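The residues making up each chain are set out below.
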Amino acid sequence: MQIAQPLRISFALMLLSGFAAAACAQTARPVTLARTPPMGWNSWNYFAQRVTDADVRAAADAMVANGMRDAGYIYVNIDDSWEGTRDAEGVLHSNNKFPDMKALADYVHSKGLKLGIYSSPGAKTCAKYEGSLGHEAQDAKTYAEWGIDFLKYDLCSYGDVLRKEGHGDVAAAFPLQKQAYRKMHDALVATGRPIVYSLCQYGMNSVWEWGPEVGGNLWRTTGDIKDTYERMSLIGFAQAGLAKYAGPGQWNDPDMLEVGNGGMNGDEYRTHMSLWAMLAAPLLAGNDLSKMTPETLAILENRDAIAIDQDPLGIQGDRLSAVGPLEIWSKPLSDGSKAVALFNRGELEIPMTLKMSDVSLETSVQLHDVWGDKDITVLNGTYIAVVPKHGVVFLRIRNNSHSNVQ
């Protein structure tokens, strides 16, 4: 299959024009989609290639029954392995696990939810199903006709194109990568249907700097997450310094949630949820929604954690301090309060001290403990909390000199 635009233009000129376009996009682009980080569910972390139409319907049913929809989880996203073959006209059809994608979208929509789907700019997806290379406009039209609301676009086999065109140097072919992502964005826009556009290319080439330029509403900043504390914490805490690239309509994405999949304990999952909320990250659950424990559901539906993630100010939190395994992160919120998280990445529980002056707050403040669901008044400008191993104390703090001590 031929590539639509061979590398005939100098990379330097293309990069220069790209930077100019990015600057324009940052200042002029209207925010019509993903004004807050998208929330929902994705099939991959639990079902992987086993996912079926029935699984997706069951997830939608569960999101309504267990309160997730009402808590803000709206997108029901099918990841890789739904794809079938193309007909004589090149139209892509779903495989026998998904006998009628339009009917599935109608069902999900009837629940007050939205349906997401997955593809790749390459000829094949990561799981070796049919990709969109050479069929971008055709596939976008198909998605719109089905009623799709969200597209995750995963680099996958397009890396082979980049290596070929860059003569083995993927970085040299970077302009082609941007073209490929822009091409699908333009195809989605041309359909007239609002479809949230999720770039998945694992954070290469500092995607946070050019994601808005190619139309992304969110972009993966890391490789894949795993259901372990080590992997979750590695990619989550590595988001420090990326706050300036996030905002309404454009979000850094450290990958999907693993809460409830069994590889971490409760303290670690609360750290996971707290960190993602501080990062204004998309909250896409990745567990089996039909088999959740009360603890898992309580973590995913914590109203204060969700409110911090979804705060309309749209500012991503950042690290204030790191001393050994102890980190303090802060995030300004639209009502003038601040979210503050005390993280203990160490192997023993340990007391942590928060000075209100370190987060630009007055001596007298009102704290709300997100996971403890309790209010605490601090009058002397210092708060000390014992934080469990791999755990977090997650706070929403407002200046309140007239609070009563509790």
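Residues numbered from 1 in each chain as written. Predicted model: local features only at pLDDT ≥ 70, side-chain atom pairs only at ≥ 80, totals over all residues. Heavy atoms only, no water.

(A) Highlighting the overall build of the protein. Broken down by element type, the protein carries 13 helices and 18 strands. On C-alpha atoms alone, the protein measures out to a radius of gyration of 22 Å, which is about the 22 Å that the 2.2 N^0.38 rule sets for 406 residues. In terms of its C-alpha atoms, the protein occupies a principal-axis envelope of roughly 75 × 50 × 40 Å. Relative to its full complement of 406 residues, the protein shows a buried share of 56%. Sequence-distant contacts, at least 24 apart, represent 71% of the contacts inside the protein between residues at least 6 apart. Accessible surface computed for the protein: about 16,500 Å², of which carbon and sulfur atoms make up 54%. Of the charged side chains in the protein, 37 are positive and 47 negative, and the gap between their average positions amounts to 3 Å. (Helix = DSSP H or I, 4+ residues; strand = E, 2+ residues; numbered from the N terminus. Rg over C-alpha atoms; globule rule 2.2 N^0.38 Å. Buried < 20%, exposed > 50% of the residue type's maximum accessible area, 1.4 Å probe, protein only. Contact = heavy atoms within 4.5 Å. Areas by Shrake-Rupley, 256 points an atom, 1.4 Å probe, with all protein chains shown as cover. Lys, Arg positive; Asp, Glu negative; His and termini not counted. Charge placed at Lys NZ, Arg CZ, Asp CG, Glu CD.)

(B) Representation of empty space enclosed by the protein in the model. For the structure on display, the rule yields 1 cavity of 30 Å³ or more. Considering only enclosed or pocket space, the largest cavity measures out at about 80 Å³ in volume. Forming the boundary of the largest cavity are Asn42, Phe150, Lys152, Ser198, Leu199, Cys200, Leu218, Arg220, Asp253, Asp255, Met256 and Leu284. Every element with two or more residues in the lining of the largest cavity is listed here: strand S6 (150–154), strand S7 (196–200) and strand S8 (218–220). Looking at the lining of the largest cavity residue by residue, the classes come out as 6 nonpolar, 2 polar and 4 charged. (1 Å grid on protein atoms, 1.4 Å probe; cavity = no way out; pocket = protein on both sides within 12 Å on 5 of 7 lines; lining within 4 Å. Points joined across faces, edges and corners; volume = space filled by probe spheres on them. Nonpolar A, V, L, I, M, F, W, Y, C, P; charged D, E, K, R; others polar.)

(C) Quick look at helix H8 (residues 174–191). Helix length check: H8, at 18 residues, gives a terminal C-alpha distance of 27 Å against a target of 26 Å (1.5 Å per residue), a fit within 8%. Burial in H8 covers these residues: Phe174, Pro175, Leu176, Gln177, Lys178, Ala180, Tyr181, Met184, His185, Ala187 and Leu188. (Expected span 1.5 Å × (residues − 1).)

(D) Spatial organisation of the sheet that holds strand S1 (residues 39–42). Spatial strand order, S9-S8-S7-S6-S5-S2-S1-S10: 8 strands in an open sheet with parallel pairing. Here the strands that pair on one side only, and so sit at the sheet edges, are strand S9 (251–253) and strand S10 (283–285). Between one strand axis and the next, the sheet turns by 25° as a mean value, whatever way the strands run. Lying on the sheet, helix H5 (residues 101–110) is in contact with strand S2 (75–77) and strand S5 (114–119); it crosses S5 at an angle near 140°. (Pairing = 2+ DSSP bridges. Axes fitted to C-alpha atoms, helices over the stretch in contact; angles between N-to-C directions.)

(E) Main features of the pairing of S7. Counting buried positions along S7 gives 5 out of 5 residues, so the element sits mostly inside the fold. Across the two faces of S7 the burial is the same, with Val196, Ser198 and Cys200 and Tyr197 and Leu199 all buried. Two strands pair when backbone bridges link them, and S6 and S7 are joined in this way by 5 bridges, in the parallel orientation. Residue pairing across strands places Asp154 opposite Cys200, the latter belonging to S7. Here S7 runs beside S8; their pairing, made up of 2 bridges, is parallel. What sits directly across from Ser198, in S8, is Leu218.

(F) Quick look at the packing of helix H10 (residues 229–237) against helix H11 (residues 266–278). As a packed pair, H10 and H11 sit with axes 11 Å apart at the nearest point and diverge in direction by 20°. Classified by the interaxial angle, the pair formed by H10 and H11 is roughly parallel. Of the two possible hands of crossing, H10 and H11 adopt the one that is left-handed. Mapping the contact onto sequence places Tyr229, Met232, Ile235, Gly236 and Phe237 in H10 and Glu268, Thr271, His272, Leu275 and Trp276 in H11. (Parallel < 35°, antiparallel > 145°, perpendicular 65-115°, else oblique. Left-handed = near helix turned anticlockwise from the far one by under 90°.)

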